Amino acid sequence: MSAYTKKQPRVVVVGSCSMDLVVTSSRRPGAGETVLGESFKTVPGGKGANQAVAAARLGADVSMIGRVGDDSLGQTILDNLKQNGVCTDNVEPVTHCESGTAHIILAEGDNSIIVVEAANRHVTPEYVEQARAVIEQADIVLIQQEIPAETVLLVSRICKQSGVPLLLNPAPARPVEAEVIDNSAYLTPNEHEASLLFDGAELGESLRKYPNRLIVTEGSRGARYFDGQEEAVVPSYPVEAVDTTGAGDTFNAAFAVALAEGKSIADSLRFANRAASLSVTRFGAQGGMPKRAEVEEALA
Ligand code: ATP
């Protein structure tokens, strides 16, 4: 029996749940113009929900803390989480509110996106406070920045007080309070987010300031951190990238699951790179997220 089957790590994700509404078109309309599109699809998304689904596929016992609207999209978002084995006891619909949506136009080889936060604004400190016990019992908590900053601060305090490691994926890029950084066991910005967070300071300097805590993801190159002695890049795996959407979400979920299972940082980063590299070989954020067996087979 592998170590993994002996202990299923409890991962709690506090974050956004959304629906991506994706249109493909040969070109995007100008102001006041209507164009005929080619296709339309709805795809569950939101960084919180994406990371919850990724962690569940990798074998963790996952509870999501978030909100949806009381519309049909909200029901679809909840159904999708449940189908992926995520506990949704703390994903309550907000009355008279729309679900969070991302309106995506894929045209002329690029995307244009309008995000409407809607129900995700209701992931307030008061709401999360009701689920304090769930957070306190986690092996690791994952959080991102598509919910109010006050909520991120509260969760960081609960984690600090209860000794639960917090993994802050500071995406999308926005400034983070120093207290939140102090309270986080791990920070996982991509290169752009890292440059914003650490105020243009040399990356190496920042890495040294947060040994074994600050992990900067570098796309196909993998992930960089300082192990207390030297700066190390844990390389990702060469793959034919089809769609990198959700690579970061898969990486964070996999890193969290591996850490919660007691793996070292270096081994957890290898596991995260492997899972994320598999995710980019398939279309869609959640569509590309691998199952546990697939990652283990690829690592073997
Ligand atoms: P995204 O916003 O696309 O989800 P991100 O900008 O948050 O991603 P990246 O640093 O681009 O984060 O990628 C996260 C991780 O995904 C990388 O550290 C790596 O493990 C993996 N990855 C991303 N792109 C590739 C690729 N082309 N080949 C292999 N691995 C990749």
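Here the structure is shown first, and the text comes after it.
The structure presented is a predicted model; accordingly, all values stated were derived computationally and were not measured.

Novice: For the site of the ligand, give the residues involved together with the corresponding values.
Specialist: Residues in contact with the ligand amount to 18 residues; listed here are only the nearest, Thr-217, Gly-219, Ser-236, Gly-248 and Asn-273. With respect to the ligand, the backbone of Ala-247 contributes an N or O atom lying 3.1 Å from an oxygen atom. Here an oxygen atom of the ligand and a backbone polar atom of Gly-248 are 2.8 Å apart. With the chains in place, 81% of the 630 Å² that the ligand exposes on its own is no longer accessible. Here the shell around the ligand is composed, by residue class, of six nonpolar, 11 polar and one charged.

Novice: Just give me the short version of the pairing of strand E4 (residues 61-69), but keep the residues and values in it.
Specialist: Counting buried residues along E4, eight of its nine residues qualify, which places the element largely inside the surrounding structure. Strand direction decides the pairing type here: strand E1 (residues 10-14) and E4, joined by five bridges, are parallel. When the sheet's bridge partners are listed, Arg-10 is paired in E4 with Asp-61. Taken together, the six bridges between E4 and strand E5 (residues 87-94) define a ladder with parallel strand orientation.

Novice: I'd like to hear about unusual backbone geometry, residue by residue, with values.
Specialist: Cis geometry marks the peptide bond from Ala-171 to Pro-172, where omega comes out at -5°. In this structure, Pro-172 sits in the loop between strand E9 (166-168) and helix H7 (178-183). Notably, His-96 is not glycine yet its phi reads approximately 55°, a positive angle. One can find His-96 in the loop between E5 and strand E6 (100-107).

Novice: Explain the packing of helix H2 (residues 47-57) against helix H10 (residues 247-260) residue by residue, including any values.
Specialist: Look at H2 against H10: their axes get within 8 Å of each other, and the N-to-C directions meet at 50°. Considering the angle they form, H2 stands oblique to H10. Once H2 is placed against H10, the crossing between them reads as right-handed. Taking contact as the criterion, the partners of Lys-47, Asn-50, Gln-51, Ala-54 and Ala-55 in H2 are, on H10, Asp-249, Thr-250, Asn-252, Ala-253 and Val-257. Along the lines of polarity and charge, the residues of the contact of H2 with H10 split into four nonpolar, four polar and two charged.

Novice: Outline the packing of aromatic side chains, listing residues and values.
Specialist: A complete count under the given rule lists three aromatic pairs for this structure. Their ring planes at 75° and their centres at 5.7 Å tell us that Tyr-186 and Phe-255 sit as a pair that is edge-to-face. Residue Tyr-186 is found in strand E10 (residues 186-187), and its partner Phe-255 is found in helix H10; the two are separated by 69 residues along the sequence. Each member of the pair, Tyr-186 as well as Phe-255, carries the same accessibility label: buried. Measuring from centroid to centroid gives 5.6 Å for Phe-198 and Tyr-210, while their planes differ by 45°, and the two rings are tilted. In this pair, Phe-198 sits in the loop between helix H8 (191-197) and helix H9 (203-209) while Tyr-210 sits in the loop between H9 and strand E11 (216-217), placing the two residues 12 residues apart along the sequence. In this structure, Phe-198 and Tyr-210 share a single accessibility class: buried.

Criteria and thresholds
Residues numbered from 1 in each chain as written. Predicted model: local features only at pLDDT ≥ 70, side-chain atom pairs only at ≥ 80, totals over all residues. Heavy atoms only, no water. Near = heavy atom within 4 Å. Polar contact = N/O pair within 3.5 Å; in protein donor to acceptor, adjacent residues only side chain to side chain. Areas by Shrake-Rupley, 256 points an atom, 1.4 Å probe, with all protein chains shown as cover. Nonpolar A, V, L, I, M, F, W, Y, C, P; charged D, E, K, R; others polar. Buried < 20%, exposed > 50% of the residue type's maximum accessible area, 1.4 Å probe, protein only. Helix = DSSP H or I, 4+ residues; strand = E, 2+ residues; numbered from the N terminus. Pairing = 2+ DSSP bridges. Axes fitted to C-alpha atoms, helices over the stretch in contact; angles between N-to-C directions. Parallel < 35°, antiparallel > 145°, perpendicular 65-115°, else oblique. Left-handed = near helix turned anticlockwise from the far one by under 90°. Contact = heavy atoms within 4.5 Å. Phe/Tyr/Trp six-rings, centres within 6.5 Å; stacked < 30°, edge-to-face > 60°.

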